[in-house]
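Observations on the three-dimensional arrangement
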Amino acid sequence: MCGIVAYLGDKEAYPILINGLRRLEYRGYDSAGVALLQGKDLIIYKCQGKVSDLESHINGRSTTGSVGIGHTRWATHGPPNDVNAHPHQGTSGDLALIHNGIIENYAPIKEELKHRGHTFRSDTDTEVLVHLIDDIQRSEGVDLAEAVRLALASVVGAYAIVVVDRKDPDVMVAARKSSPLVIGIGEGEFFCASDATPIVEHTKNVVYVEDGEIAVIDRRKGLKIRNVKNQEKTPFITELEMHLEALEKGGYDHFMLKEIHEQPRSIRDCLRGRLNPSKGEVMLGGIKDYEQKFVNAKRILIVGCGTSWHAGMVGEYLFEEFARIPVEVEYASEFRYRNPIVNEDDIVIAISQSGETADTLAAIELAKGRGATIIGICNVVGSSIARVTHAGSYTHAGPEIGVASTKAFTAQVTVLTLMALMIGQKKGMLSGSNFYRLLNELDAIPDKVHKVLQKEAQIKYIADIYKDAANALYLGRGYTFPVALEGALKLKEISYIHAEGYPAAEMKHGPIALIDDAMPVFVIATKGASYEKVVSNIQEVKARKGKIIAIVTEGDTVVKGLADHVIEIPETPDALVPLLSVVPMQLISYHIAVMRGCNVDQPRNLAKSVTVE
Ligand code: M6R
């Protein structure tokens, strides 16, 4: 969703803010703005469009000042336009505020403030909050920090905010509830941001602000943190492990392409120190204390959204096959609203690349409240989900900037595979030889992914043929059904082609009606348990003149004789096929989107991290 960045120090704030906004732009990109304190003057520049539009808008105007705040917006209340862009101001014009989240009770507060003489320019909930702070500051005669605290006590919703006040230009106040906020601490300077990406090039020392906390950054007194009840907290400083190169495109045209190509390395990083095939060991340090809980679990619930939910579906097959534990996979957004039956013997695995997805966080809170053990699988170190779960395993995929998730998916599936194998072995569900074989096969996956990536030229050729399709169907079976869903999601989110994923056998129950000679059907038809059945499904599509693009095991001749195109992937056990077969799906979507002129890294209407419901 929105990205916020702020600076207070002795350098010029503007270049730091603009650079920070560029790094945060993957979070939301429909409008952008900055506010700068120039002595006791407050200057605001904002406009609809991207950060580059903001730069053009500002070009030639005054940008001095060593205190400032910046924002990239993903619209919730009111369309993307200049007026709704952040920062927003209250009636006095003294304050400027940026916000990521939603103020749910903004409407009654707005009505009340209107009665008190406030007038509003924008449609946003954010403007209501800054008016409220402004009103409290003036009516109660309190400083900015206290006005923020009092205002937040009457607000319902999610927020990460930063506010500055031209009456006190040496102070900046930030606060969070259910939306991420990180503070960077440099030499006589401070940074605030939605995530560490704008901070890492300035300092590695950060404080993750907790829910309900207010951070007061004062040039003279440094950083102080208190909660909404006004109790002082000691800031806990941690060191970032992120590297700057991971935030650059590294010679690729897009982050998405770079991230697709990083997968041999990201999967290797995910396995490092955890998988030892020669000793027959899987070791997940993060969940070590919870192994017995897993072994005794009567049921595993997996929650996530989007791509993470698809990874969870692969997890269902893995845990049921290897550990013989029943698994239910739920969209986090549905789970939280259906009064689910959760009890103390349950293990809930929450999967999230960003670790900030609002629905997944809410599902965790619900399950935690009912006594379940919560295990996180997150990519972003120090993220909210990583902190609220009882234990977990990081995916170690490195920062994923492209909005379409790619390397995060394969890393999530890798962690789930390690977990399922480890628990299966501890439960005695896997024979020694089978366990060793699977560990060796898993160890070989990074090299096999590398081999799949070498098919890119062929995949690009196929993309060119189908780039103008209006619809596409994706079919898989067993372990590859979630991959079909993921393939369809990748295509639709970045190329805007309507695509559906289905279990191959379900095609006959409806979608087959859609098939004609203009319909590309992507089928995962690798050798394995369902191979013959999938071949029959391919016949059914061909009989209706559909175009088949099949992902097959190297050396396959049967499907080659039927399909319009085949993309070969190396042989691997069924359980590991998702890790290889998803890669051609990612590349097809990427190349089709580029050929259609779409902005693959920042597709329309989307945001990388969905921090509101
Ligand atoms: O950060 P999360 O993994 O929790 O995000 C969940 C979804 O929003 C995310 O996977 C989304 O579906 C991606 N854009 C898919 O490419």
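Predicted, not measured: the structure shown is a model, and the values here were computed from it.

1. Notes on the overall build of the protein
Looking only at helices and strands, the protein has 19 helices and 26 strands in total. Compactness check: the protein gives a C-alpha radius of gyration of 25 Å against a globular reference of 25 Å for 613 residues, within 12% of the reference. If you line up the protein on its principal axes, its C-alpha atoms span 80 × 50 × 45 Å. A burial count over the protein gives 61% of its 613 residues as buried. Nonlocal contacts in the protein, meaning residues at least 24 apart in sequence, comprise 72% of its contacts between residues at least 6 apart. Here the protein has roughly 22600 Å² of accessible surface; of this, 49% comes from carbon and sulfur atoms. Side chains of the protein give 67 positive and 78 negative charges; the mean places of these two sets differ by 2 Å.

2. Brief notes about the environment of Ala35
With respect to the helices and strands, Ala35 occurs in strand β2 (residues 31-38). It is 53 Å that separates the C-alpha atoms of Ala35 and Ala550, two residues lying 515 residues apart in sequence. Ignoring anything within four residues of it in the chain, the contact list for Ala35 reads Leu17, Leu42, Ile43, Ile44, Val67, Gly68, Ile69, Pro87 and Ala96.

3. Let's talk about the site of the ligand
Around the ligand sit 15 residues, and of these Ser308, Ser352, Ser354, Thr357 and Glu493 come closest. Contact distances for the ligand include 2.6 Å between an oxygen atom and a side-chain N or O atom of Ser352. Residue Lys490 places a side-chain N or O atom 3.0 Å away from an oxygen atom belonging to the ligand. Calculation on the ligand without its partners gives an accessible area of 410 Å², and the protein chains cover 91% of this total. When residues of the shell around the ligand are traced back to their parent elements, those giving at least two are α9 (306-323) and α16 (481-495). Partitioning the shell around the ligand into residue classes produces five nonpolar, eight polar and two charged. Both domain 2 (250-443) and domain 3 (453-601) contribute no fewer than three residues apiece to the shell around the ligand.

4. A short note on the sheet that holds strand β21 (residues 391-394)
One open sheet holds the five strands; their spatial order is β18-β17-β19-β20-β21, and the pairing between them is parallel. Each edge of the open sheet carries a strand with a single partner, namely β18 (327-331) and β21. In this sheet, neighbouring strand axes are inclined to one another by 20° on average, regardless of whether the strands run parallel or antiparallel. Note: strand β19 (residues 347-352) against strand β20 (residues 373-378), six bridges, orientation parallel. Along β20, the bridge assignment pairs Val348 with Ile374.

5. A short note on the nonpolar core
Core analysis: the biggest nonpolar cluster contains 89 residues, and Phe294, Phe319, Ile349, Met419 and Tyr474 have the highest contact counts within it. By residue number, the principal contributor to this core is helix α19 (residues 577-595), which donates eleven residues. Split by domain, the residues of this core number at least three in each of domain 2 (250-443) and domain 3 (453-601). Aside from chain neighbours lying at most four places away, what touches Ile349 is Phe294, Ile300, Leu301, Ile302, Val303, Phe319, Ile375, Ile377, Leu416 and Met419. By size, the runner-up hydrophobic cluster in this structure holds 30 residues, among which are Ile16, Cys47, Phe191 and Ala196.

6. Description of the pattern of salt bridges
Inspection of every chain in the model, using the stated rule, returns 39 salt bridges. Of the charged contacts, one joins Arg336 and Asp359 as a salt bridge, the two residues approaching to 2.6 Å between their closest N and O atoms. With Arg336 in the loop between α10 (332-335) and β19 and Asp359 in helix α11 (residues 358-369), this pair connects stretches of sequence that are 23 residues apart.

7. Re the pairing of strand β10 (residues 205-208)
As judged from the three bridges shared by strand β8 (residues 182-185) and β10, these two strands associate in the antiparallel manner. When the bridges of β10 are listed, Val182 appears paired with Tyr208. Bridging between β10 and strand β14 (residues 237-239) involves three bridges; their strand directions are antiparallel. Residue pairing for β14: Val207 is matched across the bridge by Ile237.

8. Concerning the side chain of Asp601
Relative to the elements of secondary structure, Asp601 occurs in the segment after α19. One buried charge, Asp601, has no salt-bridge partner; the nearest side chain with opposite charge is Lys249, at 5.0 Å. A polar side-chain atom of Asp601 sits 2.7 Å from the main-chain amide nitrogen of Phe255. Among residues more than four places away in sequence, those in contact with Asp601 are Lys249, His254, Phe255, Met256, Gly402 and Val403.

9. Details of the packing of helix α13 (residues 407-426) against helix α14 (residues 432-453)
Contact geometry of α13 with α14 gives a least axis separation of 11 Å together with a crossing angle of 165°. One finds that α13 runs roughly antiparallel with respect to α14. By crossing handedness, the relation of α13 to α14 is classed as left-handed. Contacts between α13 and α14 involve Thr417, Leu418, Leu421 and Gln425 from the former and Phe435, Leu438, Leu439 and Leu442 from the latter. Residue composition of the contact of α13 with α14, by class: six nonpolar, two polar and no charged.

10. Details of the sheet that holds strand β6 (residues 157-165)
With antiparallel pairing, six strands are arranged side by side in an open sheet as β5-β6-β7-β11-β12-β13. Only two strands of the sheet have a single neighbouring strand rather than two, namely β5 (95-103) and β13 (232-233). Of the pairings in the sheet, the one linking strand β11 (residues 213-218) to strand β12 (residues 222-227) comprises six bridges and is antiparallel in character. When the sheet's bridge partners are listed, Glu213 is paired in β12 with Asn227. On top of the sheet, helix α4 (residues 125-140) reaches β5 and β6; it is set at about 130° to β5, its chief contact.

11. Focus on unusual backbone geometry
Residue Pro87 is reached from His86 by a cis peptide bond, and omega for that bond is 0°. Here Pro87 shows up in the loop between β4 (67-73) and β5. Phi angles above zero are rare outside glycine, and Ser178 is one such case at about 65°. Assignment of secondary structure puts Ser178 in the loop between β7 (171-177) and β8. Relative accessible area serves as the criterion here: at 28%, Ser178 is assigned to the partly exposed category. Even without being a glycine, Asn339 presents a positive backbone phi close to 45°.

12. What to know about the domain arrangement of the protein
Reports of interface size often rely on the accessible area that becomes lost once the parts have come together. Domain boundaries in the protein define domain 1 (3-246), domain 2 (250-443) and domain 3 (453-601). Inter-centroid distance (C-alpha atoms) of domain 1 to domain 3 is 45 Å.

Criteria and cut-off values
Residues numbered from 1 in each chain as written. Predicted model: local features only at pLDDT ≥ 70, side-chain atom pairs only at ≥ 80, totals over all residues. Heavy atoms only, no water. Helix = DSSP H or I, 4+ residues; strand = E, 2+ residues; numbered from the N terminus. Rg over C-alpha atoms; globule rule 2.2 N^0.38 Å. Buried < 20%, exposed > 50% of the residue type's maximum accessible area, 1.4 Å probe, protein only. Contact = heavy atoms within 4.5 Å. Areas by Shrake-Rupley, 256 points an atom, 1.4 Å probe, with all protein chains shown as cover. Lys, Arg positive; Asp, Glu negative; His and termini not counted. Charge placed at Lys NZ, Arg CZ, Asp CG, Glu CD. Near = heavy atom within 4 Å. Polar contact = N/O pair within 3.5 Å; in protein donor to acceptor, adjacent residues only side chain to side chain. Nonpolar A, V, L, I, M, F, W, Y, C, P; charged D, E, K, R; others polar. Domains from an automatic or database assignment. Pairing = 2+ DSSP bridges. Axes fitted to C-alpha atoms, helices over the stretch in contact; angles between N-to-C directions. Core = buried A, V, L, I, M, F, W, Y, C linked by side-chain atoms within 4.5 Å. Salt bridge = Lys/Arg side-chain N within 4 Å of Asp/Glu carboxyl O. Parallel < 35°, antiparallel > 145°, perpendicular 65-115°, else oblique. Left-handed = near helix turned anticlockwise from the far one by under 90°.

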